[in-house]
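# Architecture at a glance
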Amino acid sequence: MKILFATKNKGKYKEVKNIFSDTDIELISLNDFDNAIDVVEDGSTFEENALKKAVEIYSQFKLPVISDDSGLIVEQLKGAPGIHSSRYSGDDATDKKNNIKLLDELKSFPEPHCAKFVCTAVYIDSKNNIITNDEINGQIISQPRGTNGFGYDPLFLPEGFNKTSGEISPDIKNKISHRAKAFNKLKQIMVDNNII
Ligand code: ITT
């Protein structure tokens, strides 16, 4: 069964492909098409944005779709970057620029900088509509460490670990992360409902 992951983020795609690797699903992404619409993420919650991505991409391609809206929530920054995580440093944002902005914003606050990653995962097809959520707690450190993962991984120290998400192996990240937990729940519901 072919499922389209409504993402252009290659880091997310790699992680979620791995989570579904023990199923018969052939997971493709928007990077397999050159005509995919750009979904405007103007919702006010992760759930709204994840649903919007899934619904608009389903309408365009008429294939079963999964989507992910995720981000980093930092306590001392009143929840920022939150739903704006991917564009935190502006329209020309890159992971590096976002990390620099985050450290800059946190400069005047004492450590620890408590934070969490959250993820909403969605599956839709012509009959089903499933939404799951999960998160992982941790803190933001003052110097990036590690080159694994993507986004804010080099600055995020998951609770109970002395390595950042950029230093731990992809296998371990894919057991403990917000995305791993949300998509494993989604997968289980899909199995229970005989979708996969
Ligand atoms: P798509 O919308 O195409 O899926 P995106 O990168 O724009 O890709 P989001 O809108 O969900 O995705 O933004 C998520 C951002 O949050 C992402 O770009 C990272 O900056 C950050 N983020 C989410 N999950 C992360 C993770 O596992 N590790 C590090 N950073 C993460």
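Everything here concerns the structure above.
Residues numbered from 1 in each chain as written. Predicted model: local features only at pLDDT ≥ 70, side-chain atom pairs only at ≥ 80, totals over all residues. Heavy atoms only, no water.

## A short note on the nonpolar core
In this structure, Phe-20, Leu-27, Ile-66, Tyr-123, Phe-183, Leu-186 and Met-190 are the most contacted members of the largest nonpolar core, which totals 19 residues. Looking at this core, the elements with two or more residues in it are β1 (2-5), α1 (10-19), β4 (113-124) and α5 (178-192). It is α5 that contributes the most residues to this core, five residues altogether. Residues within four places of Phe-20 in sequence aside, it is in contact with Ile-25, Ile-66, Phe-183, Lys-187, Met-190 and Ile-196. (Core = buried A, V, L, I, M, F, W, Y, C linked by side-chain atoms within 4.5 Å. Buried < 20%, exposed > 50% of the residue type's maximum accessible area, 1.4 Å probe, protein only. Helix = DSSP H or I, 4+ residues; strand = E, 2+ residues; numbered from the N terminus. Contact = heavy atoms within 4.5 Å.)

## With respect to the side chain of Asp-153
Inspection of the secondary structure assignment puts Asp-153 in the loop between β5 (129-140) and β6 (156-158). A distance of 2.8 Å separates polar atoms of two side chains, one belonging to Asp-153 and the other to Lys-173. Ignoring sequence-local partners within four residues, the contact set of Asp-153 consists of Phe-117, Asn-148, Thr-164, Ser-165, Gly-166 and Lys-173. (Polar contact = N/O pair within 3.5 Å; in protein donor to acceptor, adjacent residues only side chain to side chain.)

## Here's the deal with the site of the ligand
As a structural note, the neighbourhood of the ligand is formed by 20 residues, with Thr-7, Lys-12, Lys-53, Asp-153 and Lys-173 the closest of them. Tyr-152 is positioned such that a nitrogen or oxygen atom in its backbone is 3.1 Å from a nitrogen atom of the ligand. One of the side-chain nitrogen or oxygen atoms of His-178 is found 3.1 Å away from a nitrogen atom of the ligand. Computed on the free molecule, the ligand has an accessible area of 610 Å², of which 91% lies beneath the protein chains in the complex. When contributions to the shell around the ligand are tallied by element, the ones reaching two or more residues are β3 (65-74) and α5. The dominant element in the shell around the ligand, judged by the number of residues it contributes, is β3, at four residues. For the shell around the ligand, the per-class residue count stands at three nonpolar, eight polar and nine charged. (Near = heavy atom within 4 Å. Areas by Shrake-Rupley, 256 points an atom, 1.4 Å probe, with all protein chains shown as cover. Nonpolar A, V, L, I, M, F, W, Y, C, P; charged D, E, K, R; others polar.)

## Considerations on a nonpolar patch on the surface
A surface patch of nonpolar side chains, amounting to about 220 Å² of accessible area, comprises Met-1, Val-191 and Ile-196. With respect to the helices and strands, Ile-196 occurs in the segment after α5. (Patch = residues over 30% accessible without salt bridge, like charges linked within 9 Å, V, L, I, M, F, W, Y side chains within 5 Å. Salt bridge = Lys/Arg side-chain N within 4 Å of Asp/Glu carboxyl O.)

## Observations regarding unusual backbone geometry
Each neighbour pair has its own omega, and for Ala-80 with Pro-81 the value is -5 degrees, a cis peptide bond. Note on placement: Pro-81 falls in the loop between β3 and α3 (95-106). Of note, the amide linkage connecting Glu-111 to Pro-112 takes the cis form, showing an omega dihedral of 0 degrees. With respect to the helices, strands and loops of the structure, Pro-112 is situated in the loop between α3 and β4. With a phi angle near 55 degrees, Lys-62 is a residue other than glycine that sits in the positive phi range. In this fold, Lys-62 is placed in the loop between α2 (46-61) and β3. A positive phi angle, near 55 degrees, is found at Asn-194, a position not held by glycine.

## So, the pairing of β4
Taking burial as the measure, the twelve residues of β4 include ten buried ones, the bulk of the element. Bridging between β3 and β4 involves ten bridges; their strand directions are antiparallel. Bridging across to β4, Leu-72 finds its partner in Phe-117. Examined bridge by bridge, β4 and β5 share twelve bridges and lie antiparallel to one another. Residue pairing for β5: Val-118 is matched across the bridge by Glu-135. From the end of β4 to the start of β5, which pair antiparallel, there are four residues. (Pairing = 2+ DSSP bridges.)

## Section: the sheet that holds β5
Across the sheet, which stays open at both edges, the six strands sit in the order β2-β1-β3-β4-β5-β6 with mixed pairing between neighbours. Looking at the sheet topology across the chains shown, the edges are occupied by β2 (26-29) and β6. Ignoring which end each strand starts from, the neighbouring axes of this sheet average 35 degrees apart. Docked against the sheet, α2 engages β1, β3, β4 and β5, running at close to 155 degrees with respect to β3. (Axes fitted to C-alpha atoms, helices over the stretch in contact; angles between N-to-C directions.)

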